[in-house]
Amino acid sequence: MSNKTKLFLTISILFSILIPLFAFEWPQDNIQSSKINTYFGQKRAQTISNSITFSESENVKATDDGNISIIITEHDDGFNWFESPLGTAVIISHEDSLQSVYGNLDTYEINPDILKSPKIKKGTRISTTGNSGWQEDNSFLEFQVLDSKNNNFVNPLILMPRLNSQNELTISKVQLKNKFGKYYDLSTQTQIPSGIYKIFKSRQNLAIPYKISIAVNGIESEQITFDTLKMDQNDLAIEGQTFYTVSDIYPNETNMLIGEIYLPNGQNTLRIIQTDFAGNKTSKTFKISTY
């Protein structure tokens, strides 16, 4: 078993004990959280973002050794791996069925050396970013990592060196929604009927957790991790105790689903814990009486 497979299979353990291992290098230099425009797992148009996009145009380089699988020019069509057009893009295959995808490149700035041989070394310049993808007027890199064996999109943050800073996670405006569609705001309502509830918090535009855990009376009832996006009946989905699609995770412009729980009759303690990619935790506890 290779190092990348071991890393990928044990990524949850690595984060929990904070071992700073990584498989890829960043595709651009001088990476900071302020240079990321959209994160993996965010709401993006009508879907969940399966990539990271950057907010500054720079040279783009290979994240690891590999073989160039394909170079797509901005007018190519029919490459059905992707939810949205990537414009001019380069796809590199690595070991363990991982592929790195570099989209929204400048067609005329492709490094001619990468056309001579399929093999490419880590750090090799691929191109500069352009204006060829669906970002329209934004000439910034769109970067994806695919697990072609399992047909998953992988969050690049679990494979890259840690960012020098993290956007702060918050837990605010927590609401419960019952099976009849009625909402209960936990900031003002602490006496509610027992039953199954979906839990929502206020959505943050530029802060996505690595993991959300929810415990009821000290027992974990839900855990959602933003490490991969899976295909579920032709929709991208995040895995928790079930698969949650974009309409589940982001039902409107303000809310984000963080889990589903059962509250029995009596006094209940609900605890929500968010963990970021550096291992920092944010938590909030609610006391709820149910009848």
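Since the structure is predicted, the reported quantities are computational estimates derived from the model, not experimental observations. By convention here, each chain's residues receive numbers from 1 onward along its written sequence. Local features in this predicted model are restricted to residues whose pLDDT is 70 or higher, and side-chain atom pairs enter the listing and the counts only when it is 80 or higher, whereas totals over whole chains, interfaces and linings include all residues. The side-chain figures draw on all heavy atoms in the structure; neither hydrogens nor water molecules are used.

*Asks:* Would you take a moment to explain the pairing of strand β23 (residues 266-275) for this structure?
*Replies:* Within a regular strand, side chains alternate between the sheet's two faces. A strand pair is defined by DSSP finding two or more bridges across the two strands. Secondary structure follows DSSP: runs of H or I at least 4 residues long count as helices, runs of E at least 2 residues long count as strands, and numbering of each begins at the N terminus. Sheet analysis places strand β17 (residues 211-216) next to β23, joined by six bridges and oriented antiparallel. Residue pairing across strands places I214 opposite I272, the latter belonging to β23. Bridge analysis of β23 against strand β24 (residues 281-290) gives ten bridges, and the strand direction is antiparallel. By the bridge assignment, G266 is partnered in β24 with T290. Taking the residues that link successive antiparallel strands as the turn, the β23-β24 hairpin has five residues, and the phi of G279 there is positive, at about 90 degrees.

*Asks:* Honestly, empty space enclosed by the protein in this entry has me stumped. Any pointers?
*Replies:* If a probe the size of a water molecule is rolled over the atoms, the empty space left behind becomes visible. A cavity here means a set of 1 Å grid points, computed over protein atoms only, where a 1.4 Å probe fits but cannot escape. A pocket is an open set with protein on both sides within 12 Å along at least 5 of 7 lines, and lining residues have an atom within 4 Å of a point. Grid points are joined across faces, edges and corners, and a volume is the space filled by probe spheres set on the points. Counted by the stated rule, this structure contains one cavity of 30 Å³ or more. Across the lining of the largest cavity, the residue classes tally to nine nonpolar, four polar and one charged. Residues are grouped as follows: nonpolar covers Ala, Val, Leu, Ile, Met, Phe, Trp, Tyr, Cys and Pro; charged covers Asp, Glu, Lys and Arg; every other residue, Gly included, is treated as polar.

*Asks:* Just to check I follow, could you spell out the sheet that holds β23 for this structure?
*Replies:* Think of a sheet as strands paired side by side through backbone hydrogen bonds, with each pair either parallel or antiparallel. The five strands lie next to each other as β15-β24-β23-β17-β18, forming an open sheet whose pairing is mixed. Looking along the sheet, the strands with just one partner apiece sit at the ends: β15 (191-192) and β18 (219-225). As judged from the six bridges shared by β17 and β18, these two strands associate in the antiparallel manner. Bridge assignment links V216 to a residue of β18, and that residue is I219.

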